[in-house]
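# Understanding the architecture of this molecule
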Amino acid sequence: MSDAHVNSADHRVQRLVSVLILVLLTWLAAKSEPRPALHGQGLGVLLGLLGVLLGGAMLMYGVQQWRLPVPVEIGLFLLVLASSVTLVWLEPNGTGFFGGFLLAATASARLTPRRGGIVAGLVVATLVAASLFGARHEAVPTLLSAFGVLAFYRLGVYMRKLRERTEELEQTRAAQVRAAALAERQRLAREMHDVLAHSLSGLLLHLEGARLLSVHSGADPRLTDTVERAHQLAQSGLAEARQAIGALRGEDLPGPERLPVLAAEFERDTGIPCEVTVSGQAPELAAQTRLTLYRVAQEALTNVRKHADAERVDLRLSYEPGGTLLTVEDLGSPGAAPGDHGYGVSGMRERAELLGGQLEAAPTGTGFRVSLWAPA
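Residues numbered from 1 in each chain as written. Predicted model: local features only at pLDDT ≥ 70, side-chain atom pairs only at ≥ 80, totals over all residues. Heavy atoms only, no water.

## Brief notes about the packing of helix α9 (residues 287-307) against helix α10 (residues 344-354)
Axis separation between α9 and α10 bottoms out at 10 Å; the angle between their running directions is 165°. Comparing the axis directions of α9 and α10 gives the class roughly antiparallel. Both α9 and α10 take part in a crossing whose hand is left-handed. Residues T292, R295, V296, E299, A300 and N303 of α9 pack against G344, V345, M348 and R351 of α10. (Axes fitted to C-alpha atoms, helices over the stretch in contact; angles between N-to-C directions. Helix = DSSP H or I, 4+ residues; strand = E, 2+ residues; numbered from the N terminus. Parallel < 35°, antiparallel > 145°, perpendicular 65-115°, else oblique. Left-handed = near helix turned anticlockwise from the far one by under 90°. Contact = heavy atoms within 4.5 Å.)

## A look at the sheet that holds strand β4 (residues 358-363)
Hydrogen bonding along the main chain pairs the strands of a sheet, whether they run parallel or antiparallel. As summarised here, the arrangement of the five strands in space is β1-β2-β3-β5-β4, forming an open sheet in which the pairing is mixed. Edge positions in the sheet fall to β1 (274-279) and β4, since each has one partner strand and no second. Each strand axis lies, on average, 10° off the axis of its neighbour in the sheet, ignoring direction. Direction of pairing for β4 relative to strand β5 (residues 367-375): antiparallel, over a ladder of six bridges. Among the inter-strand pairings, E360 is bridged to a residue of β5, identified as S371. Contacts from helix α8 (residues 259-270) reach β1, β2 (312-320) and β3 (323-331), with the element oriented near 165° to β1. Against the sheet, α9 makes contact with β1, β2, β3, β4 and β5, and its axis sits at roughly 10° relative to β3, the strand it touches most. (Pairing = 2+ DSSP bridges.)

## A closer look at α8
Here α8 is twelve residues long and its end C-alpha atoms lie 16 Å apart, about the 16 Å a rise of 1.5 Å per residue gives. All of the buried residues in α8 are L259, L262, A263, F266, D269 and T270. Buried residues along α8 cover an arc of 130° about the axis, so they all sit on one side. (Expected span 1.5 Å × (residues − 1). Buried < 20%, exposed > 50% of the residue type's maximum accessible area, 1.4 Å probe, protein only. Arc of directions from axis to C-beta.)

## Quick word on the pairing of β2
With six bridges connecting them, β1 and β2 associate as parallel partners. Within β2, the position partnered with V276 by the bridge is L315. In this fold, β1 hands off to α9, which returns the chain to β2; that crossover is left-handed. Across nine bridges, the pairing between β2 and β3 is antiparallel. Paired with Y319 across the bridge in β3 is T324. (Right-handed = clockwise from strand over helix to strand, strands pointing away.)

## Brief notes about the environment of L207
Within the secondary structure, L207 sits in helix α6 (residues 139-216). C-alpha of L207 to C-alpha of A230: the two residues are 23 residues apart in sequence and 7.4 Å apart in space. Once residues within four sequence positions are removed from consideration, L207 is found in contact with V227, A230, H231 and A234.

Take a look at the structure:
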């Protein structure tokens, strides 16, 4: 059985027991004397019954679902206790002890064993005292009711232990998943290093040899320039491959702080001016958000390099209260066609969707604009 199923079963048992107690209490209180009414002792019974029903329901369900503040929990606990004492005091059949069942189970489930035991003991003592000095109660039913409160205390202890065991199982499972993911990432890092990094290193050596050969043989300068650019791209690719391998091994990922370096490399390789503008106060971004901002800017500049006839590129990064806005826009001569920016846009859009963000890529009057919104 999975951890989620165990936790869900725990909650279902608590809810079922609580509902049964409240339903039985309502039925017994309605048949007892004095019955709930709007005057006399019946009014006290009615208020006590409402206090136990409403307070008990809010206490049991609220603790599980709403994560109530501690003062609110204490207030509900005291309301149920006071209402239970009222019922025990006024009705001889001891229906108020059902409120004690709820309180004992809640205290033992929420508190440490020592504190839960003290609270349960105080509840039993208070209700027994009310039964002795209030309406006429027989000793045996009162004693049985007190043991019932202690039994529900043991039930709460069992629920608490079950919850603690579930939490331990969840922590163990999460640690196992993290270890398996790390092992797989390290395996992929080794594969990338052995295949991709070695291939790029060999490519760099051949390109360097081709560049030297073209220089010494007096080849066309355009050929030398082309080989030099290919050599620089291979160097950049090798650096990116090493960064990817480092990321798989858990090393620092590139983020928006590297955008000026990215723009400088683009400007060096293409001769197209690329201006970086940053506005706003940089928040503490998640690792995946940082990497997405960098990769989208990198892919957008690659598309400009491949497809656009640009005179300059504006790269703007704006930190806003609700998230981060990244814009990469290439600007060409008036009337210049923006060109087809290829399939890289699909990959950028997928990265944005994984963050819950949005990516827009569309032509403008003088070029092409890519905008990424990454929510905080």
